[in-house]
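Here are the chains, one letter per residue:
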Amino acid sequence: MFLLITAAAPPLPAVVERDFQPQFARYGVQGSFLLYDEPAGQYVAYNLKRCRQRFLPASTFKIPNTLIGLQTGALPDTAEICRWDGVTRSFPQWNQDMTYARALRVSCVPCYQQLARRIGVARYQQWLRRLRYPGMVVTPATLDTFWLGGKSQISQVEQVDFLRRLQAETLPVEKRHQRAVKQLLILRKTPEYTLYGKTGWRFRSARNPDNGWLVGWLERADGRRAFFALNVEPQPGPINDDQFIASRRAVTEAVLRELKWL
């Protein structure tokens, strides 16, 4: 038995297409970028066709995963400690006990695999549908990996749609849980703006290249907001993991500066 949560991609009422290829090339990646300019009521897109293409959500799924955990009680509080299982992994920051608040920020996969096993397939079936978070394929066999591999997929258009509802606190989840998750997504706060976001990284395999995400939004001090979703893959040639990891935020911020949001 499995669940495939699907939904038609939300329509884009107005789209301005822009060429941000130089910003991508500067960091050795290629891909697409989508921004929703809330005051203007329009989208800005680079590689619009690809913005509609679906990819594994990877660790961007920690946003709905945390909301589902909190709402169902599988995660009593983001201050709860996730105990390290003693298995040494290639990311040193994962090899320790930590709160789930920290686990989200450092994208600790083992912690969220523990949480997924607490939530279970049935509750994912219920809550993914309620959240209108599309493209997830949940099976008993892949309960703790479905967002990392297999058939689950989501587009940049769908990511932005979901984030807009989270920011507005209109998801069918208690507002205190939405506010708690929003606080954990803050990447930078200045007197002029607050930048929210979550990265994701699907590791390369024999059949697929690395695929990276940064999804989030920016709130200016004057109340203006823009929502964005970046998806990147390495350009052909040698792969530098550190450069690829850094490219997600670097490209996003370069584009936001180009659009005068930063």
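Data block above holds the structure.
Residues numbered from 1 in each chain as written. Predicted model: local features only at pLDDT ≥ 70, side-chain atom pairs only at ≥ 80, totals over all residues. Heavy atoms only, no water.

Trainee: It is not clear to me how the packing of aromatic side chains should be interpreted in this structure. Could you clarify?
Mentor: Each aromatic ring pair is specified by the distance between its two centres and by the angle formed by the two planes. In total, this model carries 21 aromatic pairs according to the counting rule given. Taken together, a centroid distance of 6.3 Å and an interplanar angle of 70 degrees make the contact between phenylalanine 20 and tyrosine 46 edge-to-face. Linking phenylalanine 20 in the loop between strand E2 (15–17) and helix H1 (21–26) with tyrosine 46 in strand E4 (residues 42–46), this pair joins segments that are 26 residues apart in sequence. The residues phenylalanine 20 and tyrosine 46 share a single accessibility class, namely buried. (Phe/Tyr/Trp six-rings, centres within 6.5 Å; stacked < 30°, edge-to-face > 60°. Helix = DSSP H or I, 4+ residues; strand = E, 2+ residues; numbered from the N terminus. Buried < 20%, exposed > 50% of the residue type's maximum accessible area, 1.4 Å probe, protein only.)

Trainee: It is not clear to me how the sheet that holds strand E13 (residues 225–234) should be interpreted in this structure. Could you clarify?
Mentor: Within a beta sheet, neighbouring strands are joined by backbone hydrogen bonds and run either parallel or antiparallel to one another. Pairing is mixed in the open sheet, where seven strands are placed in the order E2-E4-E3-E13-E12-E11-E10. Each having just a single partner strand, E2 and strand E10 (186–189) make up the two edges of the open sheet. Adjacent strand axes in the sheet meet at a mean angle of 15 degrees, parallel and antiparallel pairs treated alike. In the sheet, strand E3 (residues 29–37) pairs with E4 via five bridges, with the strands oriented antiparallel. The residue of E4 that forms the bridge with leucine 35 is valine 44. (Pairing = 2+ DSSP bridges. Axes fitted to C-alpha atoms, helices over the stretch in contact; angles between N-to-C directions.)

Trainee: Any chance you could explain unusual backbone geometry here in plain terms?
Mentor: Peptide bonds are trans in most cases, and residues, glycine excluded, mostly fall at negative phi. One non-glycine residue, alanine 58, lies in positive phi territory at about 50 degrees. You can see alanine 58 is positioned in the loop between strand E5 (54–55) and helix H3 (62–72). Alanine 58 sits in the buried class, given a relative accessible area of 1%. In this model, arginine 132 sits at a positive phi of 55 degrees, which is unusual for a non-glycine residue. Mapping arginine 132 onto the fold places it in the loop between helix H5 (109–131) and strand E8 (137–138).

Trainee: Looking at this structure, how should I read the packing of H3 against helix H7 (residues 175–184)?
Mentor: Where H3 contacts H7, the axes come no closer than 10 Å and their chain directions differ by 145 degrees. Here H3 runs over H7; the crossing is right-handed. Side by side, H3 and H7 meet where Ile63, Thr66, Leu67, Leu70 and Gln71 of the first sit next to His177, Gln178 and Val181 of the second. (Left-handed = near helix turned anticlockwise from the far one by under 90°. Contact = heavy atoms within 4.5 Å.)

Trainee: Help me out: how do you make sense of the pattern of salt bridges in this one?
Mentor: This model, assessed by the stated rule, comprises 15 salt bridges. Arginine 224 is paired through a salt bridge with aspartate 222; the nearest N and O atoms lie 2.9 Å apart. With relative accessibility at 32%, the residue arginine 224 sits in the partly exposed group. With a closest N to O distance of 2.8 Å, glutamate 253 and arginine 249 form a salt bridge. Of this pair, glutamate 253 and arginine 249 both sit in helix H8 (residues 241–258), four residues apart, roughly one helical turn. A network of salt bridges, in which partner residues are shared, links Glu169, Arg179 and Lys182. (Salt bridge = Lys/Arg side-chain N within 4 Å of Asp/Glu carboxyl O.)

Trainee: Is there a simple way to think about H8 in this case?
Mentor: Residues three or four positions apart in an α-helix share a direction because the helix packs 3.6 residues into each turn. A rise of 1.5 Å per residue sets the reference length of H8, with its 18 residues, at 26 Å; its end C-alpha atoms lie 26 Å apart and thus fit the reference within 8%. At serine 247, H8 shows its largest bend, some 40 degrees. Those residues of H8 lying buried are Phe244, Ser247, Arg248, Ala250, Val251, Thr252, Glu253, Ala254, Val255 and Leu256. Buried residues belonging to H8 abut H1, E3, E10, strand E11 (193–202), strand E12 (211–220) and E13. Two to three positions downstream of the cap, the backbone nitrogen of aspartate 242 sits 3.0 Å from a side-chain oxygen, assigning the N-cap of H8 to asparagine 240. Positive backbone phi, at 70 degrees, marks lysine 260, one or two positions downstream of H8. (Expected span 1.5 Å × (residues − 1). Bend = angle between axes of the 7 residues up to and from the residue. Polar contact = N/O pair within 3.5 Å; in protein donor to acceptor, adjacent residues only side chain to side chain.)

These figures capture arrangement, not role.
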